[in-house]
Amino acid sequence: MTRAIVTHDLVKVYPRRDRPWWRPAGKRPPAAPAVDGLSLTIPAGQVTGLLGLNGAGKTTTIRMLSTLLRPTTGSATVDGLDLVRDAREIRRRINMIAGGERMVYARLTARENLWYFGQLYDVPRARLTARIDELLALVGLSHAADQRVEQFSKGMRQRLSIARGLINEPSYLLLDEPTLGLDAPIARDLRAVVAELARGGVGVLLTSHYLAEVEQLCAEVHVIAAGRLVARGTPAELTALTERQHTVEITLAAAGASADQAVQALAARTGAQVTADTDEQLRPRYVLRHRHDLAGDLATTVVAAGGAIVRLEVTPPTLEDAILALADGARQPEAVAA
Amino acid sequence: MRHALRVIAAEALKQHRRSFGRPLVVASMLLWPVLQLAATYYTMLPVLDTPGIASRWPDAAQPARLLAFLAAGAFAYLFYFSLVQSAWHFSFERISGTIELLFLSPASRLALVFANGTGALVQNTWLAGCFAVAAASAGGALHVAHPGMYAVAALALVVPAIVWGAFLNSLLVFSRDSAFLYTLLDDPLWFVSGVRLPLFAMPLAIKAVGLAFPLTSSLIVLRGALLDAQPLSALLEPLALLTGLCALLFAATAALLRLGEARAQRTGSMQLY
Amino acid sequence: MPVAWATLKRNWLVMQRAYPWTYFIGTLAPGVFTVVLALLSYEAIGGGRVSDWFRGASGTPDYLGYVTVGAAALMFTTRMVLWVAKAQITEQREGTLESQLLTPARRLPYLLGVSLQAFLTSLLELTCLFGTALLLGVRLPAPDPVTLAAGVLAALVAVVGLSIPVSAIMIAAGEAHITQNTLFCLIGLVCGFTFPPALLPAPLTWLGELLPATSALRVLRAASLHAAPLGEVAADLLLCLGLGVAYAAVGLLFLPHAERRAVIRGASA
């Protein structure tokens, strides 16, 4: 058996709660599923990304995999253990870290918090003290170990939350926006920790709004929209998949008829979209959008026509474009159906 | 004045939207008081069937009159308690930050706190009011000297209650801890005001403390006018005291609001819930 | 039992650091005022006597002792419910319920840890009530220590048992204020804390018998007011324990459902 979290046709429909209990249920449409037939594999030893716009079902998926929510239908296994039947055993092997700082006790110190959760996770007594020190060092809280959490800043609380999520040395770590609101250096350290954990064999599922983070860490990314899987692949594959356009912006030293004609001719020949305007200093500026990077051709053409280039900027398509495009694509039929 | 009336109307509507038909209102304004009233009644029964009771406390000689006495106490207490509860809700505005928005507006602060109290009173007590009127008429417990005394009793209950509510709200501009309202004003209030015990049974010191709360005098008027058929002339003393207390509380409310807002502007304490 | 111990220690630390004074005063005040009210009505209204039928209905002629023990038991009950039944909803409000549910720890040891800390704290607080009653002139006879200890233990089981389904209701409804106060008003009426339940209409008396606090009170009064030996209260003791365990079992059965509901509400909010 390969070590992995495997989900099969996972569906979660939240019960509707917008009706007072004494009113009879009218002819309301049933609630739309938050997760709708999701099949994923999250292998051990790598970071898997889960991306989508707000409301796509990322958090619901993570909460199902962490046993907090029960799937409406479908199944999931963690190393072959059933998510519902073997929930308790699964809880020993996984942990979840959610962004925001609300998962620790404000009136306990950092060390007491970790000690308490160590007991709940049944971490062997001999191991626990050393583990707490390691984790506090890892998240940079050794100096504040015996300070009460209520005196902590937001970032410190969140770092403690991260330490809590690692207390049981989980085989799988579910990360829901873990760097939300963290200072840049701390976020960078956390990314290093996550990469290190994955190298050590931990399976990580990561959702994040910071796409640079995802591109840096994830071996594979699943994009979901309206609770359904719409694409999956490496970050580079996904970026390529959407055929988003390269944008080339060129600014010339002075206006000239021949240069203008040359640019328009290139656009006509390649089928690129072109817009022409002027910058703040009233110099002519052209923006070309095309599937391929036209910067080289454009520069050659302009120079051959006697134009002087002041500025040339190329923006390649990003993962963000890819997700927006994929999510848009997935949303269109929804809008028609509703 | 027209602006103040609009503030009152708007605040009342807000309260209506927020609390009308909510389980909390039904529970706290009907269910809990009835259960507590029954418990108080049964707790007192053992000391009533004693020799010489008719001379010590004529009311207690008949169980129905005792029940009316206690029910009047519970009813009047409910009016005051509904304002404690409304002030408690008002403190949530502080926590959720909307109190700042209220103070951003040009509305008269005094109108706001009075509107809040009035709105709460109307919202919360109409149910209990209907219930009490129905129960009192059905039980035949009412003994009134003159029909005008109904109005006297109603005014003696409602006006001081509203002033009391505005006073509590103005205190909240100062303190963010609203739990003290419940702990300090719930149990001690019924105890010192003679809600569950006739004033004659209380030691002088407690009686003196009780007279500082308008509920005590409201209750004397309510019981005297509706249960004991006392004429207006017999109730002048507690009515005068009530008027004085109301004037005092009103002045204190106005002063507290001014001081509180000035302090909040200086320290920025309002946004730190 | 590492979970129970860890929870006991955690709550003890929290309590020392932020003692909930308002809860304490909020529960001590009704107890003290109930005793004072009884004292004043006994003196001024009853003229220092109680009705002849009281002895038959309550089993003791000592009205003040009867009310004082009842007020103490009511304080103990409300205090324990506030700690135990509200433990989970407090975690929910502070955002730590999910950290709890993520762990493989079971719920019963967690609740036992909360209960033990609550029990120790409540015993200390009860001495405040008895101290006040003593100052006011209430005198209680010497109790039978064995029966009293058994009664206190039975009361603990009863109240903890009752608190578990209440906790489930609270987290499922996401509401504590109405639930707790309705419960307090109801048990204050039907369990005979301040008057013999025989005075109530029959259906309410039966309702009272279904709540374990009623039988616990009979044991406590028998132990403290007339030093009854253990054998005399055995039936009530067993009834109380049985009811307490039954409530706990029902509560534990429903708790997982309630927890899931709470998580769903948190997620869809």
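Rules used in this analysis
- Residues numbered from 1 in each chain as written.
- Chains lettered and ligands numbered in written order.
- Predicted model: local features only at pLDDT ≥ 70, side-chain atom pairs only at ≥ 80, totals over all residues.
- Heavy atoms only, no water.
- UniProt positions renumbered as here; feature names shortened; annotations may be inferred.
- Contact = heavy atoms within 4.5 Å.
- Buried area = accessible area lost by both parts, 1.4 Å probe.
- Salt bridge = Lys/Arg side-chain N within 4 Å of Asp/Glu carboxyl O.
- Polar contact = N/O pair within 3.5 Å; in protein donor to acceptor, adjacent residues only side chain to side chain.
- Helix = DSSP H or I, 4+ residues; strand = E, 2+ residues; numbered from the N terminus.
- Nonpolar A, V, L, I, M, F, W, Y, C, P; charged D, E, K, R; others polar.
- Buried < 20%, exposed > 50% of the residue type's maximum accessible area, 1.4 Å probe, protein only.
- Pairing = 2+ DSSP bridges.
- Axes fitted to C-alpha atoms, helices over the stretch in contact; angles between N-to-C directions.

- In the annotation of an unreviewed UniProt entry, the entry for chain B reads Multidrug ABC transporter permease, and the organism field reads Catellatospora bangladeshensis.

- Chain A goes by ABC transporter in an unreviewed UniProt entry, where it is assigned to Catellatospora bangladeshensis.
- Under the UniProt heading Sequence similarities (unreviewed entry), the entry covering chain A gives this text: "Belongs to the ABC transporter superfamily."

**Remarks on the interface of chain B and chain C**
Okay, so step 1: Counting residues at the interface gives 38 residues for chain B and 34 residues for chain C.
Okay, so step 2: When chain B packs against chain C, the two sides together hide about 3000 Å² of surface, and 79% of this comes from carbon and sulfur.
Okay, so step 3: Considering only the surface of chain B that becomes buried against chain C, Trp32(B), Tyr42(B) and Pro46(B) emerge as the three largest contributors, covering 20% of it.
Okay, so step 4: Linking chain B to chain C there are 0 salt bridges.
Okay, so step 5: Summed over the shared surface of chain B and chain C, the number is 7 residue pairs in polar contact (both at pLDDT 80 or more).
Okay, so step 6: Sorting the residues of the side of chain B that touches chain C by element identifies helix 2 (23–48), helix 3 (53–56), helix 4 (63–96), helix 8 (179–185) and helix 9 (187–192) of chain B as the ones contributing at least two each.

**A short note on the UniProt feature "transmembrane region" (unreviewed entry) in chain B**
Okay, so step 1: As annotated by UniProt and renumbered to match this structure, "transmembrane region" (unreviewed entry) occupies residues 24–44, 64–83, 152–174 and 239–260 of chain B.
Okay, so step 2: A distance of 28 Å separates the end C-alpha atoms of residues 24–44 of chain B, which is 100% helix and 0% strand.

**Description of the interface of chain C and chain A**
It is common to give the size of an interface as the accessible area that goes away when the parts come together.
Okay, so step 1: On the side of chain A, 31 residues touch chain C, which itself brings 34 residues to the contact.
Okay, so step 2: Here chain C meets chain A over a buried area of about 3200 Å², counting both sides, of which 60% is carbon and sulfur.
Okay, so step 3: On the chain C side of the contact with chain A, Arg17(C), Leu102(C) and Pro104(C) bury the most area, a combined 24% of that side's loss.
Okay, so step 4: Summed over the shared surface of chain C and chain A, the result is 2 salt bridges.
Okay, so step 5: Residue Glu112(A) pairs with Arg17(C) through a salt bridge whose shortest N-O separation is 2.7 Å.
Okay, so step 6: At the junction of chain C and chain A, the tally comes to 12 residue pairs in polar contact (both at pLDDT 80 or more).
Okay, so step 7: For the side of chain C that touches chain A, the secondary structure elements donating two or more residues are helix 1 (2–17), helix 5 (87–94), helix 6 (97–102) and helix 12 (234–268) of chain C.
Okay, so step 8: The greatest single-element share of the side of chain C that touches chain A, amounting to 10 residues, is contributed by helix 1 of chain C.
Okay, so step 9: Here the residues of the side of chain C that touches chain A are counted per class, giving 15 nonpolar, 8 polar and 11 charged.

**Observations regarding the environment of Ala44(C)**
Okay, so step 1: Position of Ala44(C) relative to the elements: it lies in helix 2 (residues 21–45).
Okay, so step 2: Given the relative accessible area of 22%, Ala44(C) is considered partly exposed.
Okay, so step 3: In this structure, Ala44(C) is in contact with Arg56(B), Phe200(B) and Ala201(B), ignoring residues within four places of it in sequence.

**As for the sheet that holds strand 15 (residues 309–315) of chain A**
Residue and element names in this part refer to chain A.
Okay, so step 1: Reading across from one edge, 13-14-12-15 is the order of the 4 strands in this open sheet, with antiparallel pairing throughout. Taken across any chain shown, the strands that pair with only one partner, and hence form the sheet edges, are strand 13 (273–278) and strand 15. Geometrically, the sheet is characterised by an average inter-axis angle of 15° between neighbouring strands, direction not taken into account.
Okay, so step 2: One ladder, built from 6 bridges, connects strand 12 (residues 246–252) with strand 14 (residues 284–290); its direction is antiparallel. Directly across from Ile 250, in strand 14, lies its bridge partner Tyr 286.
Okay, so step 3: Each of strand 12, strand 13 and strand 14 is contacted by helix 9 (residues 257–270), which is oriented at about 10° to strand 14, the strand it contacts most.

**Remarks on the sheet that holds strand 8 (residues 172–176) of chain A**
All names here are of chain A.
Okay, so step 1: Pairing in this open sheet of 6 strands is mixed, and the strands run 7-8-9-4-10-11 from one edge to the other. With partners counted over all chains shown, the strands left at the sheet margins are strand 7 (94–98) and strand 11 (228–233), one partner each. The average undirected angle you get between the axes of adjacent strands in this sheet is 20°.
Okay, so step 2: Bridging between strand 7 and strand 8 involves 5 bridges; their strand directions are parallel. Note that in strand 8 the partner of Ala 98 across the bridge is Asp 176.
Okay, so step 3: Sheet contacts for helix 5 (residues 154–166): strand 7 and strand 8; angle to strand 7, the most-contacted strand, approximately 170°.

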